[in-house]
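The residues making up each chain are set out below.
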Number of protein chains: 2
Amino acid sequence: MSKGLDYETLNENVKKCQYAVRGELYLRASELQKEGKKIIFTNVGNPHALGQKPLTFPRQVVALCQAPFLLDDPNVGLVFPADAIARAKHYLSLTSGGLGAYSDSRGLPGVRKEIAEFIARRDGYPSDPELIFLTDGASKGVMQILNAVIGGQSDGILVPVPQYPLYSATISLLGGSLVPYYLEETANWGLDITNLRDAIRQATFKGIKVRAMVIINPGNPTGQCLSVANLQEIVNFCIKEKLVLLADEVYQQNIYQDERPFISARKVLMDMGPPMSKDLQLVSFHTVSKGYWGECGQRGGYFEMTNIPQQSVDEIYKIASIALSPNVPGQIFLGLMVNPPKPGDISYLKYEQESKGILESLRKRARIMTDGFNSCRNVVCNFTEGAMYSFPQICLPPKAIEAAKKAGKHPDVFYCLKLLEATGISTVPGSGFGQKEGVFHMRTTILPAEEEMPAIMESFKMFNDAFMEQYDDQRAGYSRM
Amino acid sequence: MSKGLDYETLNENVKKCQYAVRGELYLRASELQKEGKKIIFTNVGNPHALGQKPLTFPRQVVALCQAPFLLDDPNVGLVFPADAIARAKHYLSLTSGGLGAYSDSRGLPGVRKEIAEFIARRDGYPSDPELIFLTDGASKGVMQILNAVIGGQSDGILVPVPQYPLYSATISLLGGSLVPYYLEETANWGLDITNLRDAIRQATFKGIKVRAMVIINPGNPTGQCLSVANLQEIVNFCIKEKLVLLADEVYQQNIYQDERPFISARKVLMDMGPPMSKDLQLVSFHTVSKGYWGECGQRGGYFEMTNIPQQSVDEIYKIASIALSPNVPGQIFLGLMVNPPKPGDISYLKYEQESKGILESLRKRARIMTDGFNSCRNVVCNFTEGAMYSFPQICLPPKAIEAAKKAGKHPDVFYCLKLLEATGISTVPGSGFGQKEGVFHMRTTILPAEEEMPAIMESFKMFNDAFMEQYDDQRAGYSRM
């Protein structure tokens, strides 16, 4: 008889889960790093790990909140600006016992109020702090909401393909059913509403009741920004099908094309007016990990609920209470993100300079990367309008696919492993995100330092040329999809 | 037809969960606070919220890690001691990108190494950093492990009664079965191995396969420290029944009686030698939230796995990866907790003074509280040997039980609500932790400031006297259990 934590007896849903972002490629890259090889980790959107510097002002404020005894130190003004000191006092006044005390399980009321004010400014409609819950990063929020929605295998969640594997992994873990809808690569990863209807039909046929729909906007790994028209279609569709819309908007500050601004699902909904604006159940997610903040390690996130019945809000609150409280420093970062220094503040100019510098550099890197991929043999890539990723299609020749099969690898895993071994570039194979049958991709972040980018793209090109030289002996012998 | 987040369609396991620590009493206390009443929150072990000051040295180190630019500031030495500066540099060198970068999903390797060294010093046996995972507080670790063990209703977990409701709530949420074993109040909340055998027999009869056993040592809410003999019995029992032993040891620094020191389950196991020491699957939990640290809001915890098969460790790692990384500042706090200033360090004396001051005061408060309760009519209370709680039995008269029934309340909820309304003392009713049929308790923390403690106990006594006066007209008319 086996023991409680023997592999055979483990929760089957745990075993079924797949999470490619830290999967085979990441593990191999970590091994190579241990052996002394220089690895460029582009598998996770983790800007500070690739050299991005933190914004100074928020770090000053949180440092002071961690060391409140400094606020009485006559020398504090020598190392911290007055507005950071004032802001630290402000945030400490919102806690009951500083950063070392559990907050309410939904987060500090004062920070939730600042977030509501930010949302109101952004969208032009008031937001209720009581419907904003803070979490240890946005992923945890997504997991909480999916946990409330999914009761078993017959509960389906519409998820874009390609998708960020947080969704597929969490749905597996909770024993629900992922219902895929395909994004159209040839239409710049746009969403065709006909695909959604088909997806629901097929799910219903299998006895699955679809309960929620996920959108990732800007897209991960696909980088597109959804248009207002597209978002309106989605809202109407979700209302008609009685789906909760889960709007993953963590990349809302990462926008690289002026003609494609970010528009929140909530704004689109409110602009539609009643009865629609009162009808759609919507949960929107945001974080301090992305944008020009990139404060991944701090684990600060929130979700805002719109049109969710109070009884359900109470249940979600109850479940959040089991783990007592999201981390409090991360909550302060959220407050700072939605309420940054204003014109006239001592730290304003520096803050503006730092944040603009990061964003402009990301914009340039998005361009260098897309152009670089598109100049490579058998590689095509949509422009990264937003988010932090490039998701080129690699048109693998039949001989490469055959070689992968022989090696017991998925073809794109085979390609990405070869790339890793040859260049140290650690990517994630497209199969980790989902893709149409017979098409292959890889995801890289656009986060390596701007000055290193040309060399990285050169190194990629050399690898890809050699790879294609080896496997592609009939250059036009297969079709792109 | 209902929508995805309507109450009717929510995950039934979510609705079934109960979490009393932030349940009806807490919600009522929050309301009263909003109305302007002074509330003494003794419902959660949250020391900083009740005025405990953070230890200075760890806060200095983490503040510097948050503001690494200070390390180059010529004035830094005016506000931070040299050993804090050196330690900040040390911890930053263990990260790849500072506090803003995701760490490995198991936590920073360097911190895990420091924890392994601490465990080796504490227990006298080496510990493997690869088997230590960091988490956002210990609760999250418990949830991760239970998630791996529980696949469905037929998977049972042996849980002490009374218990900390993290366990009951998580088991409900995961759809498993809680298998209770009763602690003996008259034997100072000791554990009788016969009860364990009965519990397993009854579970088996219901078709439940018991997979794991939880111990909380020192006890929450019961405050007892398990003896070596008791721990050895538990180890033997778990080996025989092939159970994973989950040792919740978060209060290991909170010890108030020299004759009852804390001994880790791991040390007891290792002392037993092979074959036992190689046989028992053990997971042990610890945190920065308790002890004399009380850094609840930072959410730093870890678990250590002993004799867990590698394949299962890999699965637990994979699931941890879905939410990417525990918060990095919390990880640094863990490093500091297991590796505090040493004799000779600049900050050593201050650190010792602060930590001893807190611990000695807690010891006094444990005594004041136990004695206070035992001086009250119809109240009996075991001494708090460890942890942060007092769990007096309230011998409710039949008339009080009747009045509670009329009010539609559980009798101890009725009592605790009256206490709250009369005095502002916010406790948790015993029914939230489990208790034998017909016996009633309440849990308070021993955390109110030492100087306020006499007044609080006086206020409790006055309330209890009045309550018993009202309902207890036949002083010996019912039996204590």
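Not measured: the values here are computed from a predicted model.

Engineer: It is not clear to me how the packing of aromatic side chains should be interpreted in this structure. Could you clarify?
Structural biologist: For any pair of aromatic rings, the description rests on two quantities: the centre-to-centre distance and the angle between the ring planes. Tallied over the entire structure, the rule returns 30 aromatic pairs over all chains. Aromatic side chains F391 of chain B and F433 of chain B sit 5.7 Å apart centroid to centroid with 85 degrees between the ring planes, which places their arrangement in the edge-to-face category. You can see F391 of chain B sitting in the loop between β11 (389–390) and β12 (393–394) and its partner F433 of chain B sitting in the loop between β14 (428–429) and β15 (442–445), a full 42 residues away along the chain. Residue F433 of chain B is classed as buried on the basis of its relative accessible area, which comes to 1%. Pairing F414 of chain B with Y471 of chain B gives two aromatic rings, centres 6.0 Å apart and planes at 70 degrees, and the pair type is edge-to-face. Placement of F414 of chain B in helix α17 (residues 411–423) and of Y471 of chain B in helix α18 (residues 453–471) is noted, with a sequence separation of 57 residues between them. The same class applies to F414 of chain B as to Y471 of chain B, namely buried. The structure contains a cluster of three or more aromatic residues connected by ring pairs, namely F414, Y415, F463, F467 and Y471 of chain A. Residue placement shows R106 of chain A over the ring face of Y317 of chain A; its charged tip is 4.0 Å from the ring centre.

Engineer: Any chance you could explain the pattern of salt bridges here in plain terms?
Structural biologist: In a structure, side chains of opposite charge can pair up when their charged atoms sit close to one another. Tallied over the full model, the rule gives 52 salt bridges over all chains. In this structure, R106 of chain A engages D104 of chain A in a salt bridge whose closest nitrogen and oxygen atoms are separated by 2.9 Å. Relative accessible area serves as the criterion here: at 14%, R106 of chain A is assigned to the buried category. In this structure, E385 of chain B and R260 of chain B form a salt bridge, with 3.7 Å as the shortest nitrogen-oxygen distance. Of the two residues, E385 of chain B sits in the loop between β10 (379–380) and β11 while R260 of chain B sits in the loop between β7 (244–248) and α11 (265–272), which places them 125 residues apart along the sequence. Take R260 of chain B: its relative accessible area is 28%, and that puts it in the partly exposed class. Among the charged side chains, a network of salt bridges with common partners joins R122, D123, R266 and E304 of chain A.

Engineer: What should I look at first to understand unusual backbone geometry in this one?
Structural biologist: When glycine is set aside, most residues are seen to have a negative phi, and most peptide bonds are trans. In this structure, P275 of chain A follows P274 of chain A across a cis peptide bond, with omega equal to 5 degrees. Among the structural elements, P275 of chain A can be located in the loop between α11 (265–272) and α12 (276–279). The omega angle of the peptide bond from V161 of chain B to P162 of chain B is 5 degrees, so this bond is cis rather than trans. Looking at the element boundaries, P162 of chain B is found in the loop between β3 (155–161) and α8 (166–173).

Engineer: Mind showing me how you'd approach the relation of the copies chain A and chain B here?
Structural biologist: Note that the two copies of the chain are related through a rotation about an axis and a translation along the same axis. With an axial shift of 0.0 Å and an RMSD of 0.0 Å, the rotation relating chain A to chain B amounts to 180 degrees. Classification of the inter-copy transformation places it as that of a two-fold axis. When C-alpha distances to the rotation axis are compared across chain A, the minimum falls at A63 of chain A, with a value of 2.1 Å.

Engineer: Would you take a moment to explain the state of the cysteines for this structure?
Structural biologist: Cysteine pairs can be covalently joined through their sulfur atoms, and such a bond is termed a disulfide. All names here are of chain A. As enumerated under the stated definition, the model contains 0 disulfides over all chains in all. The thiol of C395 is unpaired, and the distance to the nearest cysteine sulfur, on C381, comes to 11 Å. A residue is classified by how much of its surface remains accessible, and C395, at 5% relative accessible area, is buried.

Engineer: Explanation requested: the domain arrangement of chain A in the structure shown.
Structural biologist: Size of an interface, as often reported, equals the accessible area lost when the parts are brought together. All names here are of chain A. Looking at the assigned domains, one finds that chain A contains domain 1 (7–38 + 360–471) and domain 2 (93–338). Taken together, the contact between domain 1 and domain 2 spans 30 residues of the former and 33 residues of the latter. Approximately 2,700 Å² of surface area, both sides summed, lies buried where domain 1 meets domain 2, with 52% of it carried by carbon and sulfur atoms. Looking only at domain 1, the three residues that lose the most surface to domain 2 are R363, N382 and E385, adding up to 25% of its buried area. Summed over the shared surface of domain 1 and domain 2, the number is 3 salt bridges. The interface formed by domain 1 and domain 2 contains 15 residue pairs in polar contact (both at pLDDT 80 or more). When residues of the side of domain 1 that touches domain 2 are traced back to their parent elements, those giving at least two are α1 (12–16), α15 (348–374) and β11 (389–390). For the side of domain 1 that touches domain 2, the residue count by class is 14 nonpolar, 11 polar and 5 charged.

Engineer: Explanation requested: the interface of chain A and chain B in the structure shown.
Structural biologist: Each partner contributes residues to the interface: chain A has 98 residues there, and chain B has 98 residues. Summed over both partners, the interface of chain A with chain B comes to about 8,100 Å²; 59% of that surface belongs to carbon and sulfur atoms. Counting every contact that joins chain A to chain B gives 4 salt bridges. A salt bridge links K140 of chain B to D136 of chain A; the shortest N-O distance between them is 3.2 Å. Inspection of the chain A/chain B interface yields 46 residue pairs in polar contact (both at pLDDT 80 or more). For the side of chain A that touches chain B, the element with the most residues is helix α13 (residues 310–322) of chain A, which contributes 9 residues. Here the side of chain A that touches chain B is composed, by residue class, of 49 nonpolar, 30 polar and 19 charged.

Calculation notes
Residues numbered from 1 in each chain as written. Chains lettered and ligands numbered in written order. Predicted model: local features only at pLDDT ≥ 70, side-chain atom pairs only at ≥ 80, totals over all residues. Heavy atoms only, no water. Phe/Tyr/Trp six-rings, centres within 6.5 Å; stacked < 30°, edge-to-face > 60°. Helix = DSSP H or I, 4+ residues; strand = E, 2+ residues; numbered from the N terminus. Buried < 20%, exposed > 50% of the residue type's maximum accessible area, 1.4 Å probe, protein only. Lys NZ or Arg CZ within 6 Å of the ring centre and 35° of its normal. Salt bridge = Lys/Arg side-chain N within 4 Å of Asp/Glu carboxyl O. Least-squares fit on C-alpha atoms with pLDDT ≥ 70 in both. Disulfide = S-S within 2.5 Å. Domains from an automatic or database assignment. Contact = heavy atoms within 4.5 Å. Buried area = accessible area lost by both parts, 1.4 Å probe. Polar contact = N/O pair within 3.5 Å; in protein donor to acceptor, adjacent residues only side chain to side chain. Nonpolar A, V, L, I, M, F, W, Y, C, P; charged D, E, K, R; others polar.

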